[in-house]
Amino acid sequence: MSVDHLNELLLFCSLVLLIAVAAVRLSSRSGLPSLLIYLGIGIAIGQDGLGGVVFDNAELTQLLGYTALVVILAEGGLGTKWKEIRPALPRAVSLSTVGVAVSVGVTAAGAHYLAGLDWRQALLIGAVVSSTDAAAVFSVLRSVPLPARLTGVLEAESGLNDAPVVILVVAFSTAGPVEHWYLLLGEIALELAIGAALGLAIGWLGAYGLRHVALPASGLYPIAVMAIAVCAYAAGALAHGSGFLAVYLAAVVLGNAKLPHSPATRGFAEGLGWIGQIGMFVLLGLLVTPHNLLDDFVPALLIGMILTLVARPMSVFVALMPFRVPWPEKTLLSWAGLRGAVPIVLATIPMVSDVPGSDRVFNIVFVLVVVYTLIQGPTLPWLAKRLQLGDDEEAADLGIESAPLERLRGHLLSTSIGPASRMHGVEVGELRMPAGAAVTLVVRDNSSFVPSPSTVLRRGDELLVVATDPVRDAAERRLQAVSQGGKLAGWLGTGGSTGRWGHHHR
């Protein structure tokens, strides 16, 4: 590639990125997941579109798709609140194992007996479409906040079910007969155990190191966190475990470890996640040949109907049988099984493995994801309201920036009082900060001043709090408690014991 070709490529990629960024606004207004717009951009510049770009490299698409999925899972893990997913973890694990098995079996049976596919193709489609996508789910739920018990289940399920599904798709894509089911189950269990152990270990070691080593520049922390997450994926994969589970769990540990400059880290990871989504979907849109989709359109609609109306509800109800989950919540979880990035990327695995009929599998999955995302996406907020599962807007969690003061053995905490915070109207002295922590500066209306104990805090204020190392966590918990429970937080049960992500009692 010459320099001129490089310049043309950079111009083309930057224009595509700008168009994709502008399309996010259209996506948020229409309620449609942004993945559909990105796929549309890829199709528009492809061989059947205006750009006329011919691209048919399934292997490159799979490699870049895997890379993007690692970044997306890392970003999702960093934003996962442990306090929310911990109560939902048993249900999410059941959905990601028992639920996936039920979904694969029911969808494959429908694809074989009703759509006329042979068993290998049917099993591949059943496995590929059994993975839900967090980005697709939450992009349409931003307008309707759900209770934490539901968002925790959906978020944890989407992060955990990628791993067993990838193992199934690879197994079904191998040449020769599929192994006995009990051997396959043992392989899945072993790979998940290896991935989970390595992910948790690397995440804990990385968090320990970052908390005890003061880096010379704040911009190095986001790079280090993402490097640790990617290291977890690579270590898990090289150890013949589940790299996807490893990167997700490592990112969850890192995201909940209260690392220095954590808001900046989440912002950096979110930006990388957006780039990963945009690049992956545009590439998948380029890979598909629209005029070849017509022959597989009706089978895709039929299989999608089986998946949406039969397989997903059955998997939810069977997986959640041991738990006391009300039927409205089961109904919403059944309809919230949106497909997105993962199924289309996984559909390239049989193409790379030269499985007979793999092109048809890819086309069916592509049509299924697009059509049923168009149906489920806009109707999901409506269903949540009809089931009366929308949650009132609670006091927002405080975003607290932390910078280590190495020589002083202390921390500088920076936070702002948001519109929903109950810290508004509270005097500085009423914060009752632990000994060793103090509010040293208040920034208000573009001016700063040193507060007195009687200074009344207001919405929009930014606070700088200096805390010694032993009381750093206690100071942050106290700020969170007052933000959620007001100055009487200690008597309302919203004191330090609730932790960083606790909710006030009503």
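Described in the following lines is the structure provided in the data block.

Cut-off values and rules
Residues numbered from 1 in each chain as written. Predicted model: local features only at pLDDT ≥ 70, side-chain atom pairs only at ≥ 80, totals over all residues. Heavy atoms only, no water. 1 Å grid on protein atoms, 1.4 Å probe; cavity = no way out; pocket = protein on both sides within 12 Å on 5 of 7 lines; lining within 4 Å. Points joined across faces, edges and corners; volume = space filled by probe spheres on them. Helix = DSSP H or I, 4+ residues; strand = E, 2+ residues; numbered from the N terminus. Nonpolar A, V, L, I, M, F, W, Y, C, P; charged D, E, K, R; others polar. Buried < 20%, exposed > 50% of the residue type's maximum accessible area, 1.4 Å probe, protein only. Pairing = 2+ DSSP bridges. Salt bridge = Lys/Arg side-chain N within 4 Å of Asp/Glu carboxyl O. Core = buried A, V, L, I, M, F, W, Y, C linked by side-chain atoms within 4.5 Å. Contact = heavy atoms within 4.5 Å.

One number sums up the size of the second largest pocket: a volume of about 560 Å³. Contributing to the lining of the second largest pocket are 21 residues, with Cys13, Leu64, Gly279, Val282 and Leu283 lying nearest its centre. In terms of residues, the lining of the second largest pocket owes the most to one element, helix 12 (residues 262–287), which gives 9 residues. Across the lining of the second largest pocket, the residue classes tally to 17 nonpolar, 4 polar and no charged.

Before going further, it helps to examine the pairing of strand 5 (residues 462–468). Here strand 5 shows one buried face, formed by Leu463, Val465 and Ala467, and one open face, formed by Glu462, Leu464, Val466 and Thr468. With 7 bridges connecting them, strand 2 (residues 410–416) and strand 5 associate as antiparallel partners. Considered in strand 5, the bridge of Ser414 is made with Leu464.

Here we take up the pattern of salt bridges. Summed over the entire model, instances satisfying the criterion amount to 6 salt bridges. With a shortest N-O distance of 2.8 Å, Arg312 and Glu157 are connected by a salt bridge. Taken together, the residues span a long stretch of sequence, with Arg312 in helix 13 (residues 297–319) and Glu157 in helix 7 (residues 148–160) at a distance of 155 residues. The same class applies to Arg312 and to Glu157, which are both buried. Between Arg211 and Asp473 there is a salt bridge, with its nearest N and O atoms 4.0 Å apart. Residue Arg211 is located in helix 9 (residues 181–212), and its partner Asp473 is located in helix 18 (residues 472–485); the two are separated by 262 residues in the primary sequence. Exposure remark for Arg211: the relative accessible area of 37% places this residue in the partly exposed category. Given a relative accessible area of 28%, Asp473 falls into the partly exposed group. Each of Arg211, Arg472, Asp473 and Glu476 takes part in salt bridges that share partners, so that together they form one network.

Glancing now at the nonpolar core. Considering soluble globular proteins, one finds that nonpolar side chains tend to be buried as a cluster. In terms of nonpolar packing, the biggest core is built from 103 residues, with Leu168, Val169, Phe244, Met280, Leu284, Leu346 and Phe362 touching the most fellow members. Aside from chain neighbours lying at most four places away, what touches Leu168 is Val100, Val104, Ala127, Leu184 and Ile188.

Read these as layout, nothing more, since geometry by itself doesn't imply function.
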